[in-house]
Amino acid sequence: MRVINVTLKNFRNYQEESFQPHQAINIITGSNAQGKTNLLESIYYTFRGRSFRAERDKDIIHWQNDTTTIRTGVLLNSRNVDIKWKIKENNKKLIINGIDTPRAELDHFGVVLFCPEDLYLVKGSPQERRKFLDNDVGSLNPGYSKTWRQYARVLTQRNTLLKEIRDKRTSQTQDMLEVWDEQLYRHGARVIYLRLQILKKLIPIARSIHHKITEGAEELQAKYLSSLALEPGLTEEQIYQIFFKTGQKMRPTEIQRCQTMLGPHRDDLSLSLNGIEARSFGSQGQQRTVTLSLKLSQLELWYREFGDYPILLLDDVLFELDHSRQSMLLDKINKVQTFITTSFTGGIENTIKGAGLLWQVNAGNLTAKEEL
Amino acid sequence: MLYYSGPVARLVDEFAKLPGIGAKTAQRLAFHILNSPPEAAQSLAKALVEVRQSIKRCSCCCNLTDEELCPICRDTTRNGKLLCIVEEPRDVIAMEKARGFRGYYHVLHGAISPMDGIGPENLTLKELLKRLQSDEIEEVILAANSDVEGETTALYLARLIKPLGIKVTRIAHGIPVGSDLEYADAMTLNKALEGRGEFG
């Protein structure tokens, strides 16, 4: 997969910008606050339909305008695809090859982002790792995002009902809750099952990459921690049964607290190095390496599943890595189209000679500086 | 709204409240009415007032009608053993256009959704239970939508109706007729596989 061209209109600080990225490595450099990350953001938005840092779509629209468009030409399995987003404050439209298209179509386009906030994946709260499970891991199964959205919908509906029951605003409490429970267990079991299926393939890859990066010094272990007591190798139906049984007991507490206490929205991913929990005991560098291994394993698994590498976005993280990790990363990505932002190139131009382009950003203007 | 005089602005505002109508279309509709003969506006206004005054719910199936019983409920040639439950009156129209169903309908007027404050008590369940007790109905077909709310409503109805000894079925979900497998999403394909039938 490859981005052929990007045209931005009123996107953040870009009023009108168009560029043709290099098919391998694109290093985007410039001083602070010139719009380096904005470029990565536009590419991420193209494939995910949302930003990785703005809470609201309003924030990505140029401050003097009310609409922004991102138009990206992509080469996917030797097919040219024209992806266009038209974004307003309260609505957005996806147009692929000139036709209005549902967002689920984007599930076939891969993008892997590695940004400074990803460190929280290891040291942050479980919520950060669930975000990783839903956005990163989930994207490796095209059916995941839809399943997750339905589960989230059931969850909101059920929590509203719990509140109504507690405040005694509804008459048919017990029957109604049972029906929503049934929905919760069905969709929840499906979400957990899909997560486990993907992790079963992803974790061994991450382990071997981590082994290589650390030259055998560290063993990475990753394990899905569920709010339900699950054993390995369960079928979706078995997970449903367990969810059903445990869920029934939790009900009185749930009504009291107006919260759904069990389910994939409460689960976590445990990450440890040589048997020691990376979250509390890992050094900053170790945590960064774990994140790197997880990100690289996504690239690899995507390739194994779909026969093509996704686009890689590295936002300000390359120079946080030490020399050997840097070269490991650059070695891994020689088949992947990559976008790297940095304010300081540190002589990397010499390492990747002949395999990329250096771009210069200056107050919302992008120029190709030199061929590497 | 400084560009319009008062009545025009009011008309544009009213049009813009309709579903699928934005500010520009509303303006176009308003000027269309201003440019057409006065009788056209009269008859549109009359139609609007009449539809609100005369249309009510059918006393049997709760579909919208201007009579006590809707034409479908009055049709005695239909199969009284089959009852199809749908969410909205427009679902009846869709089913009728397909011409594949010759039983009777029941319109719920919504689906269960705590977020929107819609519980079973807001649907036409009282009317439904009354029908199920007195009529000769042998099978109830649940044709609520396949979204989370529709699915929940169907589940709720199934639990309500089954104890009455009536057969309950759910319409199948899966691949649209005439479309290619490769364009179906994973969830639809799985649903279609679950609901497969014997063939040949």
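A quick note: this is a predicted structure, and the numbers were derived from the prediction, not measured.

(A) Structural context of the overall build of chain A. When you go through chain A residue by residue, the secondary structure sums to ten helices and 15 strands. Taken over C-alpha atoms, the radius of gyration comes to 22 Å for chain A, in line with the 21 Å a tight globule of 372 residues would show. Based on the C-alpha atoms only, the size of chain A along its principal axes is roughly 70 × 55 × 35 Å. Taking all 372 residues of chain A together, the buried fraction comes to 54%. The contacts in chain A between residues at least 6 apart in sequence include a share of 70% that link residues at least 24 apart. Between the centroid of the 51 positive side chains of chain A and the centroid of its 44 negative side chains there is a distance of 3 Å.

(B) Structural context of the side chain of Gln34(A). Residue and element names in this part refer to chain A. With respect to the helices and strands, Gln34 occurs in the loop between β3 (25-29) and α1 (36-48). Of note is the side chain of Gln34, whose polar atom sits 2.6 Å from the backbone nitrogen of Ala363. The contacts of Gln34, once residues within four sequence positions are left out, are Asn13, Tyr14, Val361, Asn362, Ala363 and Gly364.

(C) Examining the packing of helix α1 (residues 6-16) of chain B against helix α2 (residues 23-35) of chain B more closely. Residues and elements named next belong to chain B. One way to put it is that α1 packs onto α2 with a least axis distance of 8 Å and a crossing angle of 130 degrees. Between α1 and α2, the angle falls in the class oblique. Handedness of the α1/α2 crossing: right-handed. From α1, Val8, Leu11, Val12, Phe15 and Ala16 reach across to α2, where they touch Ala26, Gln27, Leu29, Ala30, Phe31, Ile33 and Leu34. Considered class by class, the residues forming the contact of α1 with α2 number eleven nonpolar, one polar and no charged.

(D) Representation of the nonpolar core in the model. Formed by 105 residues in total, the largest nonpolar core has its most connected members in Val140(B) and Ile161(B). Ranked by residues supplied to this core, first place goes to helix α5 (residues 173-213) of chain A with 18 residues. Setting aside its immediate chain neighbours within four residues, Val140(B) contacts Leu83(B), Ile85(B), Leu132(B), Ile161(B), Ile166(B), Lys167(B), Val168(B) and Thr169(B). With 39 residues, the next largest nonpolar core counts Trp85(A), Leu113(A), Ile311(A) and Phe339(A) among its residues.

(E) Focus on the interface of chain A and chain B. Across the boundary between the two partners, chain A contributes 22 residues, which contact 18 residues of chain B. Summed over both sides, the interface of chain A with chain B buries roughly 1900 Å², with 61% coming from carbon and sulfur. On the surface where chain A and chain B come into contact, there are two salt bridges. For the salt bridge of Glu149(B) with Arg153(A), the shortest nitrogen-to-oxygen distance reads 2.6 Å. There are seven residue pairs in polar contact (both at pLDDT 80 or more) connecting chain A and chain B. Those elements that place two or more of their residues in the side of chain A that touches chain B are α4 (144-166) and α5 of chain A. It is α4(A) that provides the largest number of residues to the side of chain A that touches chain B, a total of ten residues.

(F) Highlighting α5(A). All names here are of chain A. Between its first and last C-alpha atoms α5 spans 55 Å; for 41 residues at 1.5 Å apiece the expected length is 60 Å, and the two agree. A maximum bend of about 30 degrees is found in α5 at Leu199. Residue Glu215 follows α5 closely and has a positive phi angle near 50 degrees.

What counts, and where the lines are drawn
Residues numbered from 1 in each chain as written. Chains lettered and ligands numbered in written order. Predicted model: local features only at pLDDT ≥ 70, side-chain atom pairs only at ≥ 80, totals over all residues. Heavy atoms only, no water. Helix = DSSP H or I, 4+ residues; strand = E, 2+ residues; numbered from the N terminus. Rg over C-alpha atoms; globule rule 2.2 N^0.38 Å. Buried < 20%, exposed > 50% of the residue type's maximum accessible area, 1.4 Å probe, protein only. Contact = heavy atoms within 4.5 Å. Lys, Arg positive; Asp, Glu negative; His and termini not counted. Charge placed at Lys NZ, Arg CZ, Asp CG, Glu CD. Polar contact = N/O pair within 3.5 Å; in protein donor to acceptor, adjacent residues only side chain to side chain. Axes fitted to C-alpha atoms, helices over the stretch in contact; angles between N-to-C directions. Parallel < 35°, antiparallel > 145°, perpendicular 65-115°, else oblique. Left-handed = near helix turned anticlockwise from the far one by under 90°. Nonpolar A, V, L, I, M, F, W, Y, C, P; charged D, E, K, R; others polar. Core = buried A, V, L, I, M, F, W, Y, C linked by side-chain atoms within 4.5 Å. Buried area = accessible area lost by both parts, 1.4 Å probe. Salt bridge = Lys/Arg side-chain N within 4 Å of Asp/Glu carboxyl O. Expected span 1.5 Å × (residues − 1). Bend = angle between axes of the 7 residues up to and from the residue.

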